[in-house]
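# Remarks on the overall topology
Chain by chain, the residues run as shown.
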Amino acid sequence: METKKKYGRVVIVGRPNTGKSTLLNAIMQQKVAITSPLPQTTRKNIPVVYQDERGKLLFIDTPGVLGKVDDLIGKKVNLEAPKTLNKAEIILCLVDISREKSEEENKVIGMVRKSEAKKILIYNKSDKAVGSKDHFAEYNYLEDEFDANISISALKEKNVKSVINTIFEMLPSKSSKDLREEIDKRQDERKPLMSMGSKEYIEEIIREKTYLFLRKEVPYTIFVEVNKIIDKKKIILIEATIYTNADRYKKMIIGKDGQKIKEIGYNARKELELMSGRKIFLEIMVNTDKHWMERVNDLG
Ligand SMILES: Nc1nc2c(ncn2[C@@H]2O[C@H](COP(=O)(O)OP(=O)(O)OP(=O)(O)O)[C@@H](O)[C@H]2O)c(=O)[nH]1
Ligand SMILES: [Mg+2]
């Protein structure tokens, strides 16, 4: 007799920087989303299908929900997570137990509360918060509201398997035909997000490295576009542009004697070469475009 496979949509939410994308990468055992210590590194919802012998899960990584946003991009990004919540069978609500709970967690918890999905409270960064430095106690009151709670380290890949196990245990053994079709279709149409053929992949890697090397305010002002990918036999030539909305930011991205952009380019190239096993020549230009935030619909 054929055993029934389980299907489910699992949305990952939390305030910025709680480790949502790190967790998704750990679940998938490959980099499907960029990560950084800065808030709203993820700018749009990222759907990825996980599959094992038990069934298929459509994970959706969402941008962290900010309490207050002033700029246009922040506002757009903040609308992404709420779009997904009514489409979930299960919600993973991530909190960072190495830092104090704040109004931002309350905002996320308020959103999660409204959903009828099953809910798992995930205490992340357990590696960082030991003994008196952890903030578990601030969430204790929520445990009754959630269907499960799990303490993990997404970065050290500790207890990530028990997240997957709990999800499969929670899902009903029967799923609707629509749900199965939706997830199967997603799996078919989605090439690995992170593949060299993907313009989006290269753009995201360059954005990640820019976040890594620049001061806090600059990253929010940037948008990366790959202009050309030319596959020569021995080398792949890539031309990309980092757009920012003010000349002073452009100066910071380029750095003194071009030092910053060199660092960004070097690190992006190294990672792309590692992933593709190919030699890469990467040229990055930096341009000011005051209106990119209004122009851009796809936040990729
Ligand atoms: N020590 C520790 N650091 C972690 C852990 N998980 C994530 N981080 C770090 O926390 C930072 C934020 O991780 P992300 O995965 O980008 O966080 P996010 O929730 O996706 O953030 P946004 O996309 O901005 O909402 C990165 O520097 C990660 O390396 C963890 O379990 N332990
Ligand atoms: Mg993220």
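Residues numbered from 1 in each chain as written. Chains lettered and ligands numbered in written order. Predicted model: local features only at pLDDT ≥ 70, side-chain atom pairs only at ≥ 80, totals over all residues. Heavy atoms only, no water.

## As for the packing of aromatic side chains
Here is the rule: Each Phe, Tyr or Trp ring (for Trp, its six-membered ring) is paired with any other whose centre lies within 6.5 Å, and the angle between the two planes then decides the class: stacked below 30 degrees, edge-to-face above 60, tilted in between. In this text, helices come from DSSP runs of H or I with a minimum length of four residues, and strands from runs of E with a minimum of two, each type numbered from the N-terminal end. Working definition: with a 1.4 Å probe on protein chains only, accessible area under 20% of the residue-type maximum means buried, over 50% means exposed, and in between means partly exposed. A ring is considered to have a charge above it if a Lys NZ or an Arg CZ atom is located within 6 Å of its centre and within 35 degrees of its normal.
Going through the model one piece at a time under the given rule, you end up with five aromatic pairs. Ring geometry for F223 and W292: centres 5.4 Å apart, planes at 15°, overall stacked. Taken together, the positions of F223 in strand β7 (residues 223-231) and W292 in helix α10 (residues 292-295) put the pair 69 residues apart, joining distant regions of the chain. For W292, a relative accessible area of 0% translates into the label buried. Among the aromatic residues, ring-to-ring pairing joins Y123, F136 and Y139 into one connected group. One Lys or Arg, R248, reaches over the ring of Y249 and ends 4.5 Å from the middle of that ring.

## Concerning the site of ligand 1
The following threshold applies: Definition of nearness: a residue and a molecule or strand are near each other if at least one heavy atom of the residue lies within 4 Å of the molecule or strand. Under this definition, polar contacts are N or O atom pairs within 3.5 Å; protein pairs additionally need one hydrogen-donor-capable and one acceptor-capable atom, and for neighbouring residues in sequence, both atoms have to be side-chain atoms. Only the protein chains shown count as cover for residues, and all accessible areas are computed by the Shrake-Rupley method using a 1.4 Å probe. In this analysis, the protein atoms alone were mapped onto a 1 Å grid. Cavities are point sets where a 1.4 Å probe fits without being able to get out; pockets are open sets with protein on both sides within 12 Å along at least five of seven lines; lining residues have an atom within 4 Å of a point. In this scheme, a molecule is assigned to a cavity or pocket if more than half of its atoms are within 2 Å of the grid points. Put simply, Ala, Val, Leu, Ile, Met, Phe, Trp, Tyr, Cys and Pro go in the nonpolar bin, Asp, Glu, Lys and Arg in the charged bin, and everything else, Gly too, in the polar bin.
Among the 24 residues in the neighbourhood of ligand 1, the closest are listed as K20, T22, Q40, G64 and D127. Here N124 contributes a side-chain N or O atom positioned 3.1 Å from an oxygen atom of ligand 1. Contact with the protein chains removes 91% of the 660 Å² of surface that ligand 1 exposes when unbound. Of the pockets mapped on this structure, ligand 1 occupies the largest pocket. A total of three residues in the shell around ligand 1 trace back to one element, the largest contributor, which is helix α1 (residues 20-28). Residues that form the shell around ligand 1 fall into these classes: seven nonpolar, 13 polar and four charged.

## Observations regarding the coordination of the magnesium ion (ligand 2)
The condition is simple: Metal donors were taken as nitrogen, oxygen and sulfur atoms no farther than 2.8 Å from the ion, or 3.2 Å where the ion is Na, K or Ca. Water is excluded, so coordination may look unfinished.
Around the magnesium ion (ligand 2), the protein supplies S21 (OG) and T42 (OG1) as donor atoms, at distances of 2.0 to 2.1 Å. On the criterion of sequence distance, the pair formed by S21 in helix α1 and T42 in the loop between α1 and β2 (46-52) is long-range, its members being 21 residues apart. Looking at S21, the relative accessible area reads 7%, which means it is buried.

## Structural notes on helix α7 (residues 199-213)
We apply this condition: Multiplying 1.5 Å by the residue count of a helix minus one yields the expected span of that helix. In what follows, a contact means two residues having at least one pair of non-hydrogen atoms within 4.5 Å.
With 15 residues, α7 should reach 21 Å at 1.5 Å per residue; the first-to-last C-alpha distance of 22 Å fits that figure. Of all the 15 residues making up α7, eleven are buried; the element is thus mostly covered by neighbouring parts of the structure. Every buried residue belonging to α7 is among Y201, I202, E203, E204, I205, I206, R207, E208, K209, T210 and Y211, and all of these are buried. Contacts made by the buried residues of α7 are with β7, β8 (236-244), α9 (259-276) and β9 (280-288).

## So, the domain arrangement of the protein chain
Keep this limit in mind: The split of the chain into domains comes from an automatic or database domain assignment. Defined in terms of a 1.4 Å probe, buried area is the accessible area two parts forfeit on being brought together, summed over both. Should a side-chain nitrogen of Lys or Arg be within 4 Å of a carboxyl oxygen of Asp or Glu, the pair is scored as a salt bridge.
Here the protein chain is partitioned into domain 1 (6-188) and domain 2 (199-295). Just the C-alpha atoms count here: the centres of domain 1 and domain 2 sit 28 Å apart. Taken together, both faces of the contact between domain 1 and domain 2 bury some 1400 Å²; the carbon and sulfur share is 58%. Considering only the surface of domain 1 that becomes buried against domain 2, I34, L38 and R43 emerge as the three largest contributors, covering 41% of it. There are three salt bridges connecting domain 1 and domain 2. Here K44 makes a salt bridge to E200, at a shortest N to O gap of 3.5 Å. The tally of links from domain 1 across to domain 2 stands at seven residue pairs in polar contact (both at pLDDT 80 or more).

## Some details on the sheet that holds β7
Condition: Two strands are said to pair when DSSP picks up at least two bridges between them. Here the axes come from fitting lines to C-alpha atoms, over the contacting stretch only for helices, and the angles between their N-to-C directions go from 0 to 180 degrees.
Reading across from one edge, β7-β8-β9 is the order of the three strands in this open sheet, with mixed pairing throughout. This sheet does not close on itself; its edge strands, each paired only once, are β7 and β9. For this sheet the average axis-to-axis angle between neighbouring strands, irrespective of direction, equals 15°. Pairing between β7 and β8: eight bridges, direction antiparallel. Residue pairing across strands places F223 opposite Y243, the latter belonging to β8. Each of β7, β8 and β9 touches α7; the most contacted strand, β7, lies at about 130° to it. Packed onto the sheet, α9 meets β8 and β9 and runs at close to 140° relative to β9.

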